[in-house]
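Each chain is listed here by its residues.
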Amino acid sequence: MIKKIKTMSLVLISVIVISGCGGGDNSVDTINGAGASFPFPIYSELFQKYNQETQIKVNYQSIGSGGGIRQIVEETVDFGATDAFIDDEQLAEINSNKKNQMLHIPTVLGGVAAAYNLEEEVDLKLDGNTLAKIFMGEITKWNDNEIKNLNPNVNLPNANIIVVRRSDGSGTTFTFSDFLANQSSEWRETTGVGKSLNWFKGSIGAKGNEGVTGAIVQNKNSIGYVNLNYAMEARLKTMAVKNNAGNFIIPTIESVSLAAQTSLPEDTRIKLTSLKSSSPNAYPISTFTWIIFYQEQSYNDRPKELAVELKKLLTWMVGTQVEEDVTRLEYSPLPESAREKALKIIDSITFEGEKL
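Residues numbered from 1 in each chain as written. Predicted model: local features only at pLDDT ≥ 70, side-chain atom pairs only at ≥ 80, totals over all residues. Heavy atoms only, no water.

A.B. asks: Would you explain the overall build of the protein chain in this entry?
C.D. replies: In terms of helices and strands, the protein chain carries 14 helices and 14 strands. Compactness check: the protein chain gives a C-alpha radius of gyration of 20 Å against a globular reference of 21 Å for 356 residues, within 12% of the reference. With the C-alpha coordinates of the protein chain rotated into their principal frame, the extents come out at 70 × 40 × 35 Å. In the protein chain, of all internal contacts separated by at least 6 residues, the share reaching a separation of at least 24 is 75%. When the accessible area of the protein chain is evaluated, it comes to approximately 14,900 Å², of which 45% is carbon and sulfur surface. Treating the 34 positive side-chain charges of the protein chain as one cloud and the 42 negative ones as another, the clouds have centres 5 Å apart. (Helix = DSSP H or I, 4+ residues; strand = E, 2+ residues; numbered from the N terminus. Rg over C-alpha atoms; globule rule 2.2 N^0.38 Å. Contact = heavy atoms within 4.5 Å. Areas by Shrake-Rupley, 256 points an atom, 1.4 Å probe, with all protein chains shown as cover. Lys, Arg positive; Asp, Glu negative; His and termini not counted. Charge placed at Lys NZ, Arg CZ, Asp CG, Glu CD.)

A.B. asks: Just to check I follow, could you spell out the packing of aromatic side chains for this structure?
C.D. replies: The geometry of two aromatic rings is summed up by the distance between their centres and the angle between their planes. Within this structure, the stated rule accounts for 18 aromatic pairs. Taking the centre distance of 6.3 Å and the plane angle of 20° together, the rings of Phe40 and Tyr60 count as stacked. You can see Phe40 sitting in helix 2 (residues 40-54) and its partner Tyr60 sitting in strand 2 (residues 57-62), a full 20 residues away along the chain. Just as Phe40 is buried, Tyr60 falls in that class too. Geometrically, the ring pair formed by Tyr294 and Tyr299 is edge-to-face, given 4.9 Å between the ring centres and 70° between the ring planes. Owing to a relative accessible area of 11%, Tyr299 belongs among the buried residues under this scheme. Ring pairing ties together the aromatic residues Phe40, Tyr43, Phe47, Tyr60 and Phe79, which thus form one cluster. One Lys or Arg, Lys125, reaches over the ring of Phe248 and ends 5.0 Å from the middle of that ring. (Phe/Tyr/Trp six-rings, centres within 6.5 Å; stacked < 30°, edge-to-face > 60°. Buried < 20%, exposed > 50% of the residue type's maximum accessible area, 1.4 Å probe, protein only. Lys NZ or Arg CZ within 6 Å of the ring centre and 35° of its normal.)

A.B. asks: Teacher, can you tell me more about the packing of helix 12 (residues 304-317) against helix 14 (residues 336-347) here?
C.D. replies: Helix packing geometry: the angle between the two helix axes and the distance between the axes. It is the contact of helix 12 with helix 14, at a shortest axis distance of 10 Å, that shows an interaxial angle of 175°. Judged by the inter-axis angle, helix 12 sits roughly antiparallel to helix 14. Between helix 12 and helix 14, the contacting residues are Lys311, Leu314 and Thr315 on the first element and Leu343, Ile346 and Asp347 on the second. (Axes fitted to C-alpha atoms, helices over the stretch in contact; angles between N-to-C directions. Parallel < 35°, antiparallel > 145°, perpendicular 65-115°, else oblique.)

A.B. asks: It is not clear to me how the side chain of Thr173 should be interpreted in this structure. Could you clarify?
C.D. replies: Inspection of the secondary structure puts Thr173 in helix 7 (residues 171-183). Under the relative-accessibility criterion, Thr173 is labelled buried at 2%. In this structure the side chain of Thr173 is engaged in a polar contact, spanning 2.7 Å, whose partner is the side chain of Tyr225. Excluding its chain neighbours within four sequence positions, the residues that come into contact with Thr173 are Arg166, Gly194, Lys195, Leu197, Trp199 and Tyr225. (Polar contact = N/O pair within 3.5 Å; in protein donor to acceptor, adjacent residues only side chain to side chain.)

A.B. asks: When you look at the packing of helix 5 (residues 128-135) against helix 7 in this model, what are you seeing that I'm missing?
C.D. replies: Where helix 5 contacts helix 7, the two axes come as close as 8 Å, and the packing angle between them is 120°. Relative to helix 7, the element helix 5 lies oblique. Crossing handedness for the pair helix 5 and helix 7: left-handed. Between helix 5 and helix 7, the residues in contact are Gly128, Asn129, Leu131, Ala132 and Phe135 and Phe176, Phe179, Leu180 and Gln183, respectively. Residues belonging to the contact of helix 5 with helix 7 are distributed by class as follows: six nonpolar, three polar and no charged. (Left-handed = near helix turned anticlockwise from the far one by under 90°. Nonpolar A, V, L, I, M, F, W, Y, C, P; charged D, E, K, R; others polar.)

A.B. asks: How do you make sense of the pairing of strand 3 (residues 79-82) when you look at a structure like this?
C.D. replies: Each regular strand displays side chains that alternate between the two surfaces of the sheet. Alternating residues of strand 3 divide into Phe79 and Ala81 and Gly80 and Thr82, and every residue in both groups is buried. When strand 1 (residues 30-35) meets strand 3, the two strands line up parallel, connected through three bridges. Paired with Gly33 across the bridge in strand 3 is Phe79. By the bridge criterion, three bridges tie strand 3 to strand 12 (residues 286-294) in an arrangement that is antiparallel. Residue pairing for strand 12: Thr82 is matched across the bridge by Trp290. (Pairing = 2+ DSSP bridges.)

Next up, the structure:
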C-alpha cells in the first residue's frame, strides 16, 4: 500500500509537469501548487479528475506545509497548501511586504492518527499526556505502567517503543504538537508547538506522511503520527485518543467531522485541537487543511487568464461534487458553514483591482 502512495506521487508529478502555459494567445493549461503532504492523496485524485473535466493540469508538489508557504511567498507557485494556517504575525509581515493579501480557504478535514505497529494486533487507547511522554522519550517501553493503566486488559509487549516523527516542516506536526501542548504542560514548556520541533535523540525522522507511514510499517513496536488516510492505506492500527469530553475516540470520517462543529471565523483560520467540540464523540486531533493564495492576482506579470483559471479551480475544489471522492479517501468533507466562507473568500479575488 505504501508503494501505491509513492507511485501515485511520482506518476502525478512526472505526467503533469511537462505542460506549461500556452503560446502567444495567453491561454493557460497548467496551474502550479506545492505544500502539505497531509492532503496529497485527495489532491492528486481531484486534480486528475479536474484535468479530465477541463483539460487544465494541476502540478502539485507534496513537499510539506512549510515548503508550500515558502513557495507561495516566493511567488514560484500559483497556490500553496498548508495544514498549519499562517499566524497573525507572519501573515501581517507577508501582507505588508507584498502589498497584497494572503488568503486561506479550507478544502477538507483530516484526522492526525497516532498509528502503531506491534507484533500482536491489539486495540489501544491513550490520553494526550501519555502520548506526550512517549513522543518526548520519557515513556520508552510498551508495557510501561502508564500505558498499562489505560489498557488494563491488553497484553502489552516488554519492548522498546520506536518513535517515528516528521523530519521536514509539517502542518501535521503542527496539529499533533498543538494537541499535545493543550494536554501536557511539560510538552508545552519544553517541546512546544510548530511545523518543525527539536525531537529527542532516539526518535526516527522521516519525510512527509509517506515517509512516516513507511517507517512505521517497516519497524515493529513503532508509533508515529500520520494523516488518517495514510494509516488506512497501510492498514495500520490507530489509537483511540481521549477527547475533552473524557471519551476515547478512534479517528474516522465521522469523528473527525464532529470536531468541526464549532463557529468558524470569517478568514477560516482555526485550530480545532484547541477547542471543545459540541460533540462528545469528536476525534480531538483533527484539522482543516488550507490552500493559500494572493487576493490580488496581477503580481509578478501573471496573465489574467491564469487568475481566472485559479479561481475556477478553487471554486470547484470546495464544491459538493467532490464529497464522494473526499470520503472515499478517508477525509471529511467541509461543513456547509466552512464551504460558504471559502466561496466568499474565493469571490474576493481581484485582478488589477477588479473582481474576477
